[in-house]
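Listed below are the residues making up each chain.
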Amino acid sequence: MATLHTRASARLMMAPSVILLFVWMVVPLAMTLYFSFLSYNLLTPGAHNFIGFLNYSYFLTDPAFLMAIGNTLLLVIGVLLITVIGGILLALVLDQPFWGQGIVRLLVIAPFFVMPTVSALVWKNMLMNPVYGLFAWIARGLGITPIDWLADVPLFSITLIVAWQWLPFATLILLTALQSLDGEQKEAAEMDGAGAVSRFIYIVLPHLSRAITVVILIQTIFLLSIFAEILVTTNGGPGIQSTNLTYLVYAQALLQFDVGGASAGGIIAVILANIVGIFLIRLIGKNLDR
Amino acid sequence: MGSISLRNVRKSFGTTDVIPGIDLDIEDGEFVVFVGPSGCGKSTLLRLIAGLEDTTGGRILIDGKDVSDAPPAKRGLAMVFQSYALYPHMSVYKNIAFPLKMDSQAKDVIDKKVREAARVLNLTDYLERRPGQLSGGQRQRVAIGRAIVRQPGAFLFDEPLSNLDAALRGTMRIEISELHQHLKTTMVYVTHDQIEAMTMADKIVVLNAGRIEQVGSPLDLYRTPANLFVAGFIGSPRMNMIEGAEAGKMQAKTIGFRPEHIRLSQTDGAWSGTVGVAEHLGSDTLLHIDSDEFGPITARADGDFVVKSGQRVFMTPDKARMHRFDEKGLAIR
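Residues numbered from 1 in each chain as written. Chains lettered and ligands numbered in written order. Predicted model: local features only at pLDDT ≥ 70, side-chain atom pairs only at ≥ 80, totals over all residues.

Once that is clear, we can look at the overall build of chain B. Along chain B, the regular secondary structure elements total 9 helices and 19 strands. With respect to the principal axes defined by its C-alpha atoms, chain B has extents near 75 × 45 × 30 Å. Split into buried and exposed, the 333 residues of chain B put 39% on the buried side. (Helix = DSSP H or I, 4+ residues; strand = E, 2+ residues; numbered from the N terminus. Buried ≥ 20, exposed ≤ 12 C-beta atoms within 10 Å, placed from the backbone.)

Once that is clear, we can look at the overall build of chain A. Of the regular secondary structure elements, chain A holds 13 helices and 0 strands. Going from the N terminus to the C terminus, chain A shows its helices and strands as α-α-α-α-α-α-α-α-α-α-α-α-α. Taken over the C-alpha atoms alone, chain A extends approximately 80 × 75 × 30 Å along its principal axes. Residue burial in chain A is summarised as follows: out of 290 residues, 31% are buried. A separation of at least 24 residues holds for 70% of the contacts in chain A among residues at least 6 apart in sequence. (Contact = placed C-beta atoms within 7 Å.)

Here the focus is the packing of helix 2 (residues 92-102) of chain B against helix 4 (residues 136-148) of chain B. All names here are of chain B. Their axes nearest at 7 Å, the elements helix 2 and helix 4 cross at an angle of 30 degrees. Taken together, the axes of helix 2 and helix 4 are roughly parallel relative to one another. Where helix 2 crosses over helix 4, the handedness of that crossing is right-handed. Mapping the contact onto sequence places Val-92, Asn-95, Ile-96, Phe-98 and Pro-99 in helix 2 and Val-142, Gly-145 and Arg-146 in helix 4. Looking at the contact of helix 2 with helix 4 residue by residue, the classes come out as 5 nonpolar, 2 polar and 1 charged. (Axes fitted to C-alpha atoms, helices over the stretch in contact; angles between N-to-C directions. Parallel < 35°, antiparallel > 145°, perpendicular 65-115°, else oblique. Left-handed = near helix turned anticlockwise from the far one by under 90°. Nonpolar A, V, L, I, M, F, W, Y, C, P; charged D, E, K, R; others polar.)

Take helix 1 (residues 2-35) of chain A next. An ideal rise of 1.5 Å per residue puts 50 Å on 34 residues; helix 1 of chain A measures up with 48 Å between its terminal C-alpha atoms. Of all 34 residues in helix 1 of chain A, 1 are buried, a share of ten percent or less. (Expected span 1.5 Å × (residues − 1).)

Take the packing of helix 8 (residues 154-179) of chain A against helix 10 (residues 196-223) of chain A next. Residue and element names in this part refer to chain A. At their nearest, the axes of helix 8 and helix 10 sit 9 Å apart, and the two run at 155 degrees to each other. Judged on the interaxial angle alone, helix 10 and helix 8 are roughly antiparallel. Crossing angle aside, the handedness with which helix 8 passes helix 10 is right-handed. Taking contact as the criterion, the partners of Val-162, Trp-166, Ala-170, Ile-173, Leu-174, Ala-177 and Leu-178 in helix 8 are, on helix 10, His-207, Leu-208, Ala-211, Val-214, Val-215, Gln-219 and Leu-223. Residue composition of the contact of helix 8 with helix 10, grouped by class: 12 nonpolar, 2 polar and no charged.

It is worth spelling out the sheet that holds strand 17 (residues 312-317) of chain B at this point. Residues and elements named next belong to chain B. Here 5 strands make up an open sheet; going across it, the order is 13-17-14-15-16 and the pairing antiparallel. Of all the strands in the sheet, just strand 13 (262-265) and strand 16 (295-302) have a single pairing partner and so form its edges. Mean inter-strand twist for the sheet, computed between neighbouring axes without regard to direction, equals 45 degrees. Here 4 bridges tie strand 13 to strand 17, and the two strands are oriented antiparallel to one another. The residue of strand 17 that forms the bridge with Arg-263 is Thr-316. (Pairing = 2+ DSSP bridges.)

Further remarks concern the interface of chain B and chain A. The partner chain A presents 13 residues to the 15 residues of chain B that form the contact. Ranked by residues supplied to the side of chain B that touches chain A, first place goes to helix 2 of chain B with 3 residues. Classifying every residue of the side of chain B that touches chain A by side-chain character gives 12 nonpolar, 2 polar and 1 charged.

A few words now on the pairing of strand 3 (residues 31-35) of chain B. Residues and elements named next belong to chain B. In terms of residue burial, strand 3 counts as a mostly covered element, since 5 of its 5 residues are buried. The two faces of strand 3 match: Phe-31, Val-33 and Val-35 on one face and Val-32 and Phe-34 on the other face are all buried. Of the pairings in the sheet, the one linking strand 3 to strand 9 (residues 203-208) comprises 4 bridges and is parallel in character. In the strand pairing of strand 9, Phe-34 is matched with Val-205.

Residue and element names in this part refer to chain B. The domain boundaries assigned to chain B delineate domain 1 (4-231) and domain 2 (241-332). Between the C-alpha centres of domain 1 and domain 2 the distance comes to 37 Å. Facing 6 residues of domain 1, the contacting portion of domain 2 comprises 7 residues. Tallied by class, residues from the side of domain 1 that touches domain 2 come to 4 nonpolar, 2 polar and no charged. (Domains from an automatic or database assignment.)

Another aspect to go through is the environment of Lys186(A). Residues and elements named next belong to chain A. On the secondary structure map, Lys-186 appears in helix 9 (residues 183-191). For Lys-186, a count of 17 C-beta atoms within 10 Å puts it in the partly exposed group. For Lys-186 and Arg-199, which are 13 residues apart along the polypeptide, the C-alpha to C-alpha distance reads 7.1 Å. Apart from the residues lying within four places of it in its own chain, the contact partners of Lys-186 are Leu-181, Arg-199 and Ile-203.

Okay, unusual backbone geometry next. Residue and element names in this part refer to chain B. A cis amide bond links Ser-236 with the next residue in sequence, Pro-237, at an omega value of -5 degrees. Considering the arrangement of structural elements, one finds Pro-237 in the loop between helix 8 (228-233) and strand 11 (240-243). Although it is not a glycine, Asn-8 adopts a positive phi angle of roughly 50 degrees. With respect to the helices and strands, the residue Asn-8 is situated in strand 1 (residues 4-13). With a phi angle near 55 degrees, Gln-251 is a residue other than glycine that sits in the positive phi range. Following the sequence through the fold, Gln-251 ends up in the loop between helix 9 (245-248) and strand 12 (254-257).

See below:
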């Protein structure tokens, strides 16, 4: 009897927060779903008629849509490649004992604390500006014509900016994984005749596989929804060259005031993100089972 | 094929001299055990031989060749680590095959050698398992398997049995001894357990504070310990040591006699005492006696000698097996 009472009262006590969280999550999703079937444009007030899947077909056949999906994938894959490979290399370096290790580790982690808008602006104005940017200055010093990064290679530039932000995260996770590697295992491999490269391939890399999986999964979740960096640097341009799915939905809703179309885009983005998620879990999630 | 010589080998970490200078010869095919209390430098010495640590001074010769500056892989030695150091993401097969693969041997040769090693070590049924799915004893055998496939000049064991329970330790002790008789390869074995040293070694090297106290066969060390340290370290339960007048009577600073070299009686003897604790092992009984003359004394009695705590007993030491030591703790012969 006592446990039954305890359980009932516990449920009662928890109910408000559970309900709040549930409503918080479900109401926006339900409203988005509802809007996506309406003809709802803020510029044409009046009745919002039910128009079925018209918003979806409109969004899916938009030429910008395929471009946006391609850009999203390129951005995610590019950043993942740079951060995972760079993160492993940096972690290997930081794992070595050297003078000033503490300060160097702190500096490596620093970019992670800079908010996305700020770091994107710093890159845009201080580094990548074709007239007074640092890269342009270096290029002129070497006698090369400076590149107008954000106009000529917009997606690559954004990839660089985002990779710079996420590199510390990857480095940090991989460094801790590296430090948990048993020293005797490395020594055993050394006794077994494995050189430095073989030791890395056969001992260190398999040991890191779990951490790499975690890095890829977590980063993918955040990288699918990159927005601030695009907004403050290229505004999705030139044209739609650096528009990803998130930015396309934003443009639909807040630049064209098409709430219905943007909602449809949002739902499509959610579905696509889930497809990517399923793929990832299938592909590399088994690393987590050990 | 596997003789190892140390010539004035020294090792210091910073300003601490861990090993102030050691000379030692290990013959081919010998089973040598380094034994000593923790922190005596025995593991460091093994790692110096393996090449995992650099010597501060002196030379290490393997088969007469100076390898002091050679990397571990070039010394032709194999090592079994205390934690086994198996590669957790590889199957047992791949673990054992790893050194051969690093040696870029042909696939069929590797397969033959791995299966042969697995057969010798009773691992055939476990070849596809991961180390995480094995018991402690099986992991130990995989580690040994990984060492033997390379057919090294010598094996180095770094306290390999310390993670096993008592029963398994006994079995593995015999298995390693059998392996040595079968392979006839030099083995260097580090342990802090003098029972492992006594049971397995051809030659025991007793180390203390980075110095060699005595080198000899197990029975040599047991019968004629060179000094107080060896006398106290070898033998279980440890030797009784007595100082003072009784020792003076025999022209020594300290006299020592082993628990098994005391004749016990309930009626008469040279010394008398009260039984504190009696440990009945069945085959024999260990008595911790509070003697009237010299305080606590341990004696080993026959299993049939039944006494209880608090009872009076008389002891007569076997004078022929008494050990005498001078002021420096060295044995007087």
